[in-house]
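Summary of the model geometry
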Amino acid sequence: MGEQKNQKTQDVNQLLKIRRDKLAELQADGKDPFQITKFDVTHHSQEVKDQFENLEGKSVVLAGRMMSKRVMGKASFCNIQDLQGNIQSYVARDSIGEEEYKAFKKMDIGDIVGLKGEVFKTKTGEISIHASKVTLLSKSLQILPEKFHGLTNTDIRYRQRYVDLIMNADVKDTFIKRSRIISAVRQYLNGQGFLEVETPMLVSNAGGAAARPFETHFNALNEDLKLRISLELYLKRLIVGGMERVYEIGRVFRNEGLDTRHNPEFTLMELYQAYTDYHGMMDLTENMYRYVAQTVLGTTTISYNGIEMDLGKPFERITMVDAVKKYSGVDWNEIKDLEAARAAAREHHIEYEERHKKGDILNLFFEEFVEEHLIQPVFIMDHPAGLKQYLPVLGKVGNGPEEQPLDALLVQMRCAAAVFAFEFAVALPDHPAVLVRAVPDPAAVEFAAIAADDLCRERAEAVVVLALGLPDRHFILHLLPFLRIDNGRMALVHNVLRHLALVGFGGSGEKIHREGLLQKCVALVFLVGQNGF
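The present account deals with the structure reproduced in this document. (Residues numbered from 1 in each chain as written. Predicted model: local features only at pLDDT ≥ 70, side-chain atom pairs only at ≥ 80, totals over all residues. Heavy atoms only, no water.)

**Some details on the overall build of the protein chain**
- Of regular secondary structure, the protein chain possesses 17 helices and 18 strands.
- Counting across all 533 residues of the protein chain, residues that qualify as buried make up 42%.
- Pairs at least 24 apart in sequence give 59% of the contacts found in the protein chain among residues at least 6 apart.
- As presented, the protein chain carries roughly 30000 Å² of accessible surface, and 51% of it is formed by carbon and sulfur atoms. (Helix = DSSP H or I, 4+ residues; strand = E, 2+ residues; numbered from the N terminus. Buried < 20%, exposed > 50% of the residue type's maximum accessible area, 1.4 Å probe, protein only. Contact = heavy atoms within 4.5 Å. Areas by Shrake-Rupley, 256 points an atom, 1.4 Å probe, with all protein chains shown as cover.)

**Concerning the packing of aromatic side chains**
- For the structure shown, the criterion picks out 7 aromatic pairs.
- Relative to Phe379, the ring of Phe315 lies with its centre 5.9 Å away and its plane at 35 degrees, an arrangement referred to as tilted. In this pair, Phe315 is assigned in the loop between strand 13 (307-310) and strand 14 (316-319) and Phe379 in strand 15 (residues 378-381), connecting sequence segments 64 residues apart. The same class applies to Phe315 and to Phe379, which are both buried.
- A cation over a ring is seen here: Lys69 above Phe104, with NZ or CZ 5.5 Å from the ring centre.
- The ring of Tyr234 has Arg237 lying over it, and the distance from NZ or CZ to the ring centre is 4.8 Å. (Phe/Tyr/Trp six-rings, centres within 6.5 Å; stacked < 30°, edge-to-face > 60°. Lys NZ or Arg CZ within 6 Å of the ring centre and 35° of its normal.)

**With respect to the side chain of Asp331**
- On the secondary structure map, Asp331 appears in the loop between helix 11 (320-328) and helix 12 (338-347).
- A distance of 3.0 Å separates the side chain of Asp331 from the backbone nitrogen of Asn333, its partner in a polar contact. (Polar contact = N/O pair within 3.5 Å; in protein donor to acceptor, adjacent residues only side chain to side chain.)

**Regarding the environment of Lys177**
- As for its placement among the helices and strands, Lys177 is situated in helix 8 (residues 169-191).
- For the pair Lys177 and Leu297, spaced 120 residues apart in sequence, the C-alpha separation works out to 8.6 Å.
- If near-sequence neighbours (up to four positions away) are discounted, Lys177 is found in contact with Val296 and Leu297.

**Section: the sheet that holds strand 8 (residues 215-218)**
- Strand order in this open sheet of 3 strands is 7-9-8, and the pairing throughout is antiparallel. Each edge of the sheet is formed by a strand with only one pairing partner; in this case those strands are strand 7 (202-203) and strand 8.
- Bridging between strand 7 and strand 9 (residues 223-227) involves 2 bridges; their strand directions are antiparallel. Along strand 9, the bridge assignment pairs Val203 with Lys226. (Pairing = 2+ DSSP bridges.)

**Points about a nonpolar patch on the surface**
- A cluster of nonpolar side chains, Val12, Leu15, Ile18 and Ile143, forms an exposed patch at the surface whose accessible area comes to about 280 Å².
- As for its placement among the helices and strands, Ile18 is situated in helix 1 (residues 2-28).
- With a relative accessible area of 36%, Ile18 lands in the partly exposed category. (Patch = residues over 30% accessible without salt bridge, like charges linked within 9 Å, V, L, I, M, F, W, Y side chains within 5 Å. Salt bridge = Lys/Arg side-chain N within 4 Å of Asp/Glu carboxyl O.)

**Examining the packing of helix 12 against helix 13 (residues 358-370)**
- Contact geometry of helix 12 with helix 13 gives a least axis separation of 9 Å together with a crossing angle of 25 degrees. Between helix 12 and helix 13, the angle falls in the class roughly parallel. With respect to the hand of their crossing, helix 12 and helix 13 are arranged in left-handed fashion. Residues Leu338, Ala341, Arg342, Ala344 and Ala345 of helix 12 form the contact with helix 13, whose own contacting residues are Lys358, Ile361 and Phe365. (Axes fitted to C-alpha atoms, helices over the stretch in contact; angles between N-to-C directions. Parallel < 35°, antiparallel > 145°, perpendicular 65-115°, else oblique. Left-handed = near helix turned anticlockwise from the far one by under 90°.)

**Topic: the sheet that holds strand 2 (residues 75-81)**
- One closed barrel accounts for 5 strands, arranged 1-2-3-5-4; its pairing is mixed. For this sheet the average axis-to-axis angle between neighbouring strands, irrespective of direction, equals 55 degrees.
- As paired strands, strand 2 and strand 3 (residues 86-92) are joined by 7 bridges and run antiparallel to one another. In the strand pairing of strand 3, Asn79 is matched with Gln88.
- Along the sheet, helix 5 (residues 98-105) contacts strand 1 (59-72), strand 2, strand 3 and strand 5 (127-138); its crossing angle with strand 1, the most-contacted strand, is approximately 65 degrees.

**Observations concerning the pairing of strand 5**
- Judged from the 3 bridges that link them, strand 3 and strand 5 form a sheet pairing that is parallel. Residue pairing in the sheet places Gln88 in a bridge with Ser128 of strand 5.
- Bridge analysis of strand 4 (residues 112-121) against strand 5 gives 10 bridges, and the strand direction is antiparallel. Bridged to Gly114 within strand 5 is Thr135.
- Hairpin geometry of strand 4 and strand 5 is characterised by an intervening segment of 5 residues between the two adjacent antiparallel strands and by a positive phi of about 90 degrees at Gly125.

**Structural notes on a negative patch on the surface**
- Taken together, Glu367, Glu368, Glu371 and Glu372 make up a surface patch of like negative charges.
- Inspection of the secondary structure assignment puts Glu367 in helix 13. (Lys, Arg positive; Asp, Glu negative; His and termini not counted. Charge placed at Lys NZ, Arg CZ, Asp CG, Glu CD.)

**Some points on the packing of helix 8 against helix 10 (residues 278-297)**
- Running from amino to carboxyl end, helix 8 crosses helix 10 at an angle of 130 degrees, the nearest separation of the two axes being 9 Å. Taken together, the axes of helix 8 and helix 10 are oblique relative to one another. The handedness of the crossing between helix 8 and helix 10 is right-handed. Contacts between helix 8 and helix 10 involve Lys177, Arg180, Ile181, Ala184, Val185, Gln187, Tyr188 and Leu189 from the former and Leu284, Asn287, Met288, Tyr291, Val292, Thr295, Val296 and Leu297 from the latter.
- Split by residue class, the contact of helix 8 with helix 10 holds 11 nonpolar, 3 polar and 2 charged. (Nonpolar A, V, L, I, M, F, W, Y, C, P; charged D, E, K, R; others polar.)

**Considering the pattern of salt bridges**
- Under the counting rule described, the total for this entry stands at 19 salt bridges.
- With its nearest N and O atoms 3.2 Å apart, the salt bridge here joins Glu265 to Arg251. Note that Glu265 is positioned in strand 11 (residues 265-273) and Arg251 in strand 10 (residues 245-253), a separation of 14 residues in sequence.
- As a salt-bridge pair, Arg342 and Glu354 come within 3.6 Å of each other at their nearest N and O atoms.

As structure tokens, then:
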């Protein structure tokens, strides 16, 4: 076994040496292919095939990588692969000249060549190019994977994407479609009045998601910074500033796991829109998918894993409770408390843990009975509030369970507009941090201890920015917009704001400014309460 491996290595090394010797010979003869910096191309392979009736008998110029070659005496065939696909070329000594034909026979698989010739169809009906000139544009010094088996090593495919692109047409098609999808998303959102923006990648506090950030150091300011893990926070600030519809498509970085489906850096798109609710966001999302499919594929019907899906039809919209009832027969509206939920779980052989609340058990039913049926496009609405640590509580929907929040779907879609309850982390003496949620109903106000990073300037700034409010009466994000503010609640507001102002802004010389800011924030909160928000 070892001898066979050594022999294979020696054979590869010998082949690589032959290629380098060919390059040295070309350079010695004054035909260095790397000196050619420009080659004018008139058509691509697929264009020639699509426009054959108009191009037959006419001269075209193509360029691409030689993927195969069959030499048969005075005439040969080769296959050229370019951006759009591949096309066959018939190369005859009488057509290109004896010297050029000798040079052609010395070319290797993988070489990049320029091809000029007439379009014709062979006796077997294959559209081809009858070459009148073949130019070596770049010499390939490496050996491509063997054609029949292709590139199958997963590690090489992901580490050497350029080889993967050369050998696998479906991979290249995926890359091209990805680019067109992003372009179509931009076109759609721009057409809907959204503004594309760019926000900082280096931040003092990497917020907006639960993930471990990459850390770096900014020498000029001698300050530790982090790479962003989401796009959320700065986009919210733009909404506060009056930019009613904004979006960003950018890279984010998360210092976590790595496999073929998870990368430490990836592209994320987030959009935010004022003056709408989650129905408006569903409409936007549905229409965007439909537009992108039609623009990129020319149809709204797609096939995935052998299943046909029609994005042209209205997407189903169903609540989690109704979905569970539809597929399991259990009506969660009839389950009034935790004990009833546990009894239903036991009856349907759903395993739960003691820590699970009523909403958690509903989610277990959803995973067990519903998820496998969700094949066609569908919006699952009104998730139980307890399922998400940061799930806003802005109001109740219909006659559903008590936990159903107004904008649960927005959180799930990760493209929420200005429809977030006010939630932020603040350092307090008795907790590492406290999550404050502002809601219209005083009885629904919750304070929950959460793990948080050290309070920093950006967090304090975020509190001040959000205290200015978003441009919609229902979602103005003041600290505690109570209908009535009594002395006890006012004292709580004062203490939280005072602690933020004193801790979050740095040097002692700013104390007067901080105290003034504190009074303004408290006044804002009181004013909102008096106005009945």
